[in-house]
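Here is what each chain is made of, one letter per residue.
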Amino acid sequence: MTQARSLNPDDQAAFRAAVDGATPLPKANRVSFEAPKPSPRPRQRELDEAAVIAELMRAPLAIDDWLDLGGADSFLGSGLPRTLLRDLRRGRWSIQDHVDLHGMNRNEAHQQVALFVAESLATGKRCLRIVHGRGNGSPGREAILRQLVKLWLSRCKDVLAFCHAPPSDGGDGALWVLLKAGGKPR
C-alpha cells in the first residue's frame, strides 16, 4: 500500500489507460482434490506396548527369569526348524554387523542392544554378533550381561535364534543372533 500512495497521478493514469477494456480471466474449470488421508494407526496401543516392553526390560529379574535362563547357550523361536539353529551354529550365515558391550552397565547395554537390533532390522541385516563379555571385569566375576542379553533377545519377536559364538569369534563372551528377514522392528 505504501507504493500505491507514492505513485504520481501521471503513472496511475498511464496504468489505467493500459488496462482499459481488459476482462478478468474466467475461473478454472478444474476440480482440486485433497491429498489422501493417512490410514489410521492405533498410536495409543503402540505406545502402551512399547511402555510394557520397556518396563519388562528394565524391571529387576525375578528368580523365575534366572531359572528360565539356566545354562542355556542357545535359543530357537517356537515353531522354527532345528536346522535353523544348527546352520547358525555351524557358521552358514555370515555375520553382517556386530556390537561390543564391554564396559557398559545394565541400562546402557540394554539401550545399545535394542538400538542395534532395530537398526539392523531397518537396514536388512539378519545375522549379528553381540559381544557381551565373560564377566571377568564384573564384581564377583559374574557374567550378568551374558544372562541379560540372552533374556532380552529371547523376548524380542524379531529374533529367530541365537547361540554362543565359536571360540575363534568370542566363544562364551559373544552371541551370534539371527533376525527375521525384511521386517520392521516390533
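No experiment lies behind these values; they were computed from the predicted model shown.

(A) Quick look at the overall build of the protein chain. For the protein chain, the helix and strand inventory stands at seven helices and five strands. In the protein chain, the succession of α and β elements from N to C terminus is α-α-α-α-β-α-β-α-β-α-β-β. Residues classed as buried in the protein chain amount to 30% of the 186 residues present. When contacts within the protein chain are restricted to residue pairs at least 6 apart in sequence, those whose partners lie at least 24 apart make up 67%. In the form shown here, the protein chain has an accessible surface area of approximately 13,300 Å², with 54% of it arising from carbon and sulfur atoms.

(B) Molecular detail of the packing of helix H6 (residues 106-122) against helix H7 (residues 144-155). Between H6 and H7, the shortest axis-to-axis distance is 11 Å and the interhelical angle comes to 40°. Here H6 lies oblique to H7, going by the angle between them. The two elements H6 and H7 cross, and the hand of that crossing is right-handed. Where H6 approaches H7, its residues Arg106, Ala109, His110, Val113 and Val117 are matched on the opposing element by Leu145, Leu148, Val149, Trp152 and Leu153. Its residues assigned to classes, the contact of H6 with H7 shows eight nonpolar, one polar and one charged.

(C) Representation of the pattern of salt bridges. Scanning the model with the defined rule gives four salt bridges in all. Of the charged contacts, one joins aspartate 87 and arginine 92 as a salt bridge, the two residues approaching to 2.9 Å between their closest N and O atoms. Note on arginine 92: relative accessible area 56%, which makes it exposed. With its nearest N and O atoms 3.4 Å apart, the salt bridge here joins aspartate 97 to lysine 125. One end of the pair, aspartate 97, is in strand S2 (residues 97-100); the other, lysine 125, is in the loop between H6 and strand S3 (127-131), with 28 residues separating them in the sequence.

(D) Up close: the environment of arginine 126. Along the chain, the position of arginine 126 falls in the loop between H6 and S3. On a C-alpha basis, the gap between arginine 126 and serine 94 in space is 9.0 Å, while along the polypeptide they are 32 residues apart. Residues in contact with arginine 126, not counting those within four places in the same chain, are Trp93, Gln96, Leu160, Val177, Leu178, Leu179, Lys180 and Ala181.

(E) Region of interest: the nonpolar core. Counting residues in hydrophobic clusters, the biggest one holds 20 residues, and the most contacted among them are Leu101, Val113, Ile130, Val149, Leu153 and Val177. Excluding residues within four positions of it along the chain, valine 177 makes contact with Arg126, Cys127, Leu128, Ile130, Leu153, Val159, Ala161 and Phe162. In this structure, Leu76, Leu88, Ala161 and Leu178 belong to the second largest nonpolar core, which totals 13 residues.

(F) Examining the confidence of the model for the protein chain more closely. Averaged over all residues, the pLDDT of the protein chain equals 80, while 78% of them reach at least 70. Counting contacts from residues 63-70, a segment whose pLDDT is below 50, to residues more than four positions away or on other chains yields seven contacts.

(G) Molecular detail of the pairing of S2. Pairing of S2 with S3, which is carried by four bridges, proceeds in the parallel orientation. Along S3, the bridge assignment pairs valine 99 with isoleucine 130. Traced from S2 through H6 to S3, the parallel crossover comes out right-handed.

What counts and what doesn't
Residues numbered from 1 in each chain as written. Predicted model: local features only at pLDDT ≥ 70, side-chain atom pairs only at ≥ 80, totals over all residues. Heavy atoms only, no water. Helix = DSSP H or I, 4+ residues; strand = E, 2+ residues; numbered from the N terminus. Buried < 20%, exposed > 50% of the residue type's maximum accessible area, 1.4 Å probe, protein only. Contact = heavy atoms within 4.5 Å. Areas by Shrake-Rupley, 256 points an atom, 1.4 Å probe, with all protein chains shown as cover. Axes fitted to C-alpha atoms, helices over the stretch in contact; angles between N-to-C directions. Parallel < 35°, antiparallel > 145°, perpendicular 65-115°, else oblique. Left-handed = near helix turned anticlockwise from the far one by under 90°. Nonpolar A, V, L, I, M, F, W, Y, C, P; charged D, E, K, R; others polar. Salt bridge = Lys/Arg side-chain N within 4 Å of Asp/Glu carboxyl O. Core = buried A, V, L, I, M, F, W, Y, C linked by side-chain atoms within 4.5 Å. pLDDT = per-residue confidence, 0-100. Pairing = 2+ DSSP bridges. Right-handed = clockwise from strand over helix to strand, strands pointing away.

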